[in-house]
Each structure stands twice: as C-alpha cells, then as structure tokens.
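Residue strings, one per chain:
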Amino acid sequence: IKWDFWSITMVLTIALLGAMQACVFPVALINKYLFTGRVRAGRRALTQLLCVRHKVAGRLIALGDMILLAYFESTPVQTVWYWLLGANLKMSSIVSSWDGVQIAPDLLTVGRDAYIGNAPYIGFVTVHKERMEVSFDPIVVEEKAFVGPFSHLAAGTHIQRTGAVSAMAILKRNENVRSFTTRVGYRASVSYRPE
C-alpha cells in the first residue's frame, strides 16, 4: 500500500469517528446518572434547574440514539441501551426507535411482546405556560400492544393489553386506549373495535 497524504487522512478520520462513537455511550450514561438523575412523575417550576439539566442530557442521549440506530435498530442491543437509560422495557418487546424519550426515559414502560414502530414521538412533558410549570407524566404500553410508526403519544398515555395505535395517529394527553381497540387519525378521534 502506498501511503500518501489522502490515504493517511482517510485512515485517521475513520479512526477518529470510531473513537468518538465509542465515547458517546459512556458519556451519555454518566451524564444521565450523575448529572440528571432519575425522573419522577409530577410538576416542577419551569425555571427549575431540573428542566435545563434534562435538556442537556436529552441532547447527549439523542446523539447516542442516532449512532445506535445506524447499527443496532430493532435489536436486543437497542433494548438494553434504552433499559440502561432507565426505561422499563421487557426483552421480548421491540422498540424500533423513538423521539422525545431522551428527556425522561424513566417514565416509559413497555410490556412483553409489545411493538413500538419507527420514529414515534413519545412526549412525557407538558408545559403549562400560564402557571410557569412543567409536568412529567408516565407513558405505559402494556403487553402485546402496538404503536405504529410516526404516531404521537402525549404525556400520560396508557395503551392497554392488545390495544393498538395506527401509524401517524395523535393521542391526546392522558388518553387511554382500551384492549382490542385501534385508535386512528388526527387526535385519534376514531376508535375501531371489532365485533
């Protein structure tokens, strides 16, 4: 192999990118547990330091997510990563990817054999501007439930066993999807329950 300037530059760039990717995961986990801590459901003042800390932690975790999804999407490695971040996931559940969870992964519970499709927005935080407060609410997806791709789960959503949310459906805050029911559409205004 003839080592010219461009060959050396390419090798160094690949080595640097690999080292950066290897550092993202430990840095995100250290940041989560030493800087941010576990998130509890409840209300907090918008000016509280906790809100700023979660924003910073969320950015680092999102970077780890982006790298992880490039190589390990829908694999047990990804489930273990979310579990390390504090989410309560069963190993038999499949989480393709998520958006929004980086702020408070501790508030997500996913049951056995549940499926969360590609890139749903899972929002734990509701901002109450008039009271200058932020409320953190848990989201529960019970066993054998289905969440379609690009759907939006607002804070406090509860999807019961075998409940389903279609692709691109938008659920309101504290919405409850009953067993054997499929929610579809904007604001999930339509329910379909087979006879």
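Definitions and limits used
Residues numbered from 1 in each chain as written. Predicted model: local features only at pLDDT ≥ 70, side-chain atom pairs only at ≥ 80, totals over all residues. Heavy atoms only, no water. Pairing = 2+ DSSP bridges. Helix = DSSP H or I, 4+ residues; strand = E, 2+ residues; numbered from the N terminus. Core = buried A, V, L, I, M, F, W, Y, C linked by side-chain atoms within 4.5 Å. Buried < 20%, exposed > 50% of the residue type's maximum accessible area, 1.4 Å probe, protein only. Contact = heavy atoms within 4.5 Å. Polar contact = N/O pair within 3.5 Å; in protein donor to acceptor, adjacent residues only side chain to side chain. Arc of directions from axis to C-beta. Axes fitted to C-alpha atoms, helices over the stretch in contact; angles between N-to-C directions.

1. Observations concerning the sheet that holds strand 4 (residues 108-110)
Strands sit in the order 2-4-9-12-14 across an open sheet of five strands; the sheet is parallel. Edge positions in the open sheet fall to strand 2 (88-89) and strand 14 (176-177), since each of these has one partner strand only. When strand 9 (residues 139-141) meets strand 12 (residues 158-159), the two strands line up parallel, connected through two bridges. Counted as the bridge partner of Val140 is His158 from strand 12.

2. So, the nonpolar core
Core analysis: the largest hydrophobic core is formed by 28 residues, its most contacted members being Leu108, Leu153 and Ile159. At the level of elements, helix 3 (76-84), strand 4, strand 8 (133-136) and strand 9 are the ones that each hand at least two residues to this core.

3. What about the pairing of strand 7 (residues 125-128)?
Every second residue of strand 7 is oriented toward a common face, the buried set being Thr126 and His128 and the non-buried set Val125 and Val127. Where strand 7 meets strand 8, four bridges bridge the pair, whose relative direction is antiparallel. In the sheet register, Val125 faces strand 8, and the bridge partner there is Phe136. Where strand 7 hands over to strand 8, the hairpin turn is made up of four residues, of which Met132 adopts a positive phi near 55°.

4. A look at the environment of Leu84
Secondary-structure assignment places Leu84 in helix 3. A sequence separation of 21 residues divides Leu84 from Pro105, and the C-alpha atoms of the two residues are 9.5 Å apart. When neighbours within four sequence positions are excluded, Leu84 is seen to be in contact with Leu29 and Tyr33.

5. Considerations on the side chain of Ser135
With respect to the element layout, Ser135 can be found in strand 8. Judged by relative accessible area, which is 2%, Ser135 ranks as buried. Among the polar contacts made by the side chain of Ser135, one reaches the side chain of Arg173 at a distance of 3.2 Å. Once residues lying within four places of it in the same chain are set aside, the contact partners of Ser135 are Gly42, Arg43, Phe124, Val125, Thr126, His128 and Arg173.

6. Quick notes on helix 3
Those residues of helix 3 lying buried are Gln78, Thr79, Trp81 and Tyr82. The buried residues of helix 3 all sit within an arc of 155° when viewed along its axis, so they share a single face. Pointing more than 90 degrees away from the buried face of helix 3 are the exposed residues Pro76 and Trp83. Downstream of helix 3 by a residue or two, Gly86 has a phi angle that is positive, lying close to 115°.

7. A short note on the sheet that holds strand 8
Strand order across the open sheet formed by three strands is 1-8-7, with antiparallel pairing between neighbours. Each edge of the sheet is formed by a strand with only one pairing partner; in this case those strands are strand 1 (42-45) and strand 7. If you compare each strand with its neighbour and ignore which way they point, the axes differ by 25° on average.

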